[in-house]
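# Breakdown of the fold
Letter by letter, the chains look like this.
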Amino acid sequence: MDAEKARKSKKSKHQDDKKDDQITNNLLDQLPYETLIDILSRLPITSLIHFTLLSRTSNSLSHGPHLANMHLSRSSTPCLIFHSDYPIQNQLHFLHLSDLKVRKINTPFPISEFTIIGSSNGLLCVINTLFPSSIFFYNPFTRFHCEIPKNINFQKHIIVYGFGFHPATNDYKVIKIAYYSALSLHPIAKHFRGFETNSHSRVSEVEIYSSRSNTWKNRGVVPYRLEKYSSPGVLVDGRLHWVSRLGRFNDRVERTIVSFDLADDSFRMIKNPDSSSRGFGRWVGCCLASLDGYLCGVVPRGNGSFDVWMMKEYGVNESWVKEYSVGVYCPVSMISHKMEASSHIWRNMFSQKLVRVLCVLESGELLLEYRGGGLVCYDLQSGSFKEVGFLGMPKLYQTMVHVGSLVSVET
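## Some remarks on the packing of aromatic side chains
Evaluation of the coordinates by the stated rule reveals 16 aromatic pairs. Ring geometry for phenylalanine 94 and phenylalanine 141: centres 4.8 Å apart, planes at 80°, overall edge-to-face. One end of the pair, phenylalanine 94, is in strand S2 (residues 91–96); the other, phenylalanine 141, is in the loop between strand S6 (135–138) and strand S7 (145–147), and 47 residues separate them in sequence. Residue phenylalanine 141 is classed as buried on the basis of its relative accessible area, which comes to 11%.

Here is the structure:
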């Protein structure tokens, strides 16, 4: 009897939900085009996806550029993508900072092991770990995905990656910078521009994919040795940024910031923050971040604490300002070195970095990710740390700040 009651109650609820959906569908279909676009563009991405499934009109709008572009321009609250490869299978989860619920993402592309090499405009750039020439663009919310053309599969190399979009050219680009030892060059590789050398130094080769042309092109050499740990680069103002290895810059032996303009494919050098004390240029763990759209340099102080310098006006060297100072902290949830060593995610993303600066929360706190630990909020006013965790989070993961969108790309 109880089972029959439960069945009828469930059926009644399903019918009520179906009626509500039909009413919503009719109301949305009756709204003027501009009004509907304005309403939908203000919704969180998960709610927007839900509405596009309810309404025929909303569904058709979701496939056009008008709603996608307006929604993207109004997306102020990012989400966090958690990429986990522990214990075996690669998985993706996301946490929207507006509702703090962890949800699993079922990936539609046929890759068992992968690395995320960037996020831009709601698209992830995903590379096959086992076959690195296989690269996908992927929108985790709409499930749009496409594989870009394959190019040179470099061997015996160090590769630094980058991925980003430039609004002026309406173009998504993937950057692969390969460093070869001259002593181990493959005979075929010597025919490429930039490999003609007999020295014992490492030489470079730059390959650039453009979504507009759907082709790769060879950019020749890059006049800088970039740190592997600064891959996949930090995207700010239509330019990717990496940290160089030690070299002679401005008559000093130090590291420097190297930018790549996605509009004209040019490399440039940016003056370091904290240049008077040479803090950024001399420390191994110095790295870059993007906070609220500003380029930031993370400068270790040698005892586990660090400063965050922010370039307030992009391209203006004098606009570097020390924005935050973060004290020493060791997360209680620190995982074992053995577990950490089993994950290629942490080796790739952290290398010699102790902590990654992810974003500034609406509360004004800094969200940090510690090597071997997890997510930590740092209160700038009190100087206190708070470890954060949510139900459903994977045990070991790499975090990426991501903006949910309807964006897709034609290749």
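## Brief notes about the confidence of the model for the protein chain
Summarising the model, the protein chain shows a mean pLDDT of 80, and 75% of its residues fall at 70 or more. Averaged pLDDT values over the elements of the protein chain bottom out at 46 in helix H8 (residues 344–349) and peak at 96 in strand S12 (residues 234–236). In the predicted structure, residues 336–343 sits below a pLDDT of 50 and forms 12 contacts with residues beyond four places in sequence or in another chain. Contacts from residues 345–352, a stretch scored under 50 in pLDDT, to residues over four places away or in other chains number 32 contacts.

## Points about the nonpolar core
The nonpolar side chains of a soluble globular protein tend to be buried, and buried together. In this structure, Leu291, Phe306, Val357, Leu366 and Leu368 are the most contacted members of the largest nonpolar core, which totals 32 residues. Those elements that provide at least two residues to this core are S12, strand S18 (287–291), strand S19 (294–300), strand S20 (306–311), strand S21 (320–326), strand S22 (355–360), strand S23 (366–370) and strand S24 (375–378). At five residues, S20 tops the list of elements feeding residues into this core. Ignoring anything within four residues of it in the chain, the contact list for leucine 291 reads Cys296, Val308, Met310, Tyr324, Val357, Leu358, Cys359, Val360 and Leu366. Of all hydrophobic cores here, the second largest spans 24 residues; its members include Leu61, Phe114, Ile116 and Leu124.

What counts and what doesn't
- Residues numbered from 1 in each chain as written.
- Predicted model: local features only at pLDDT ≥ 70, side-chain atom pairs only at ≥ 80, totals over all residues.
- Heavy atoms only, no water.
- Phe/Tyr/Trp six-rings, centres within 6.5 Å; stacked < 30°, edge-to-face > 60°.
- Helix = DSSP H or I, 4+ residues; strand = E, 2+ residues; numbered from the N terminus.
- Buried < 20%, exposed > 50% of the residue type's maximum accessible area, 1.4 Å probe, protein only.
- pLDDT = per-residue confidence, 0-100.
- Contact = heavy atoms within 4.5 Å.
- Core = buried A, V, L, I, M, F, W, Y, C linked by side-chain atoms within 4.5 Å.

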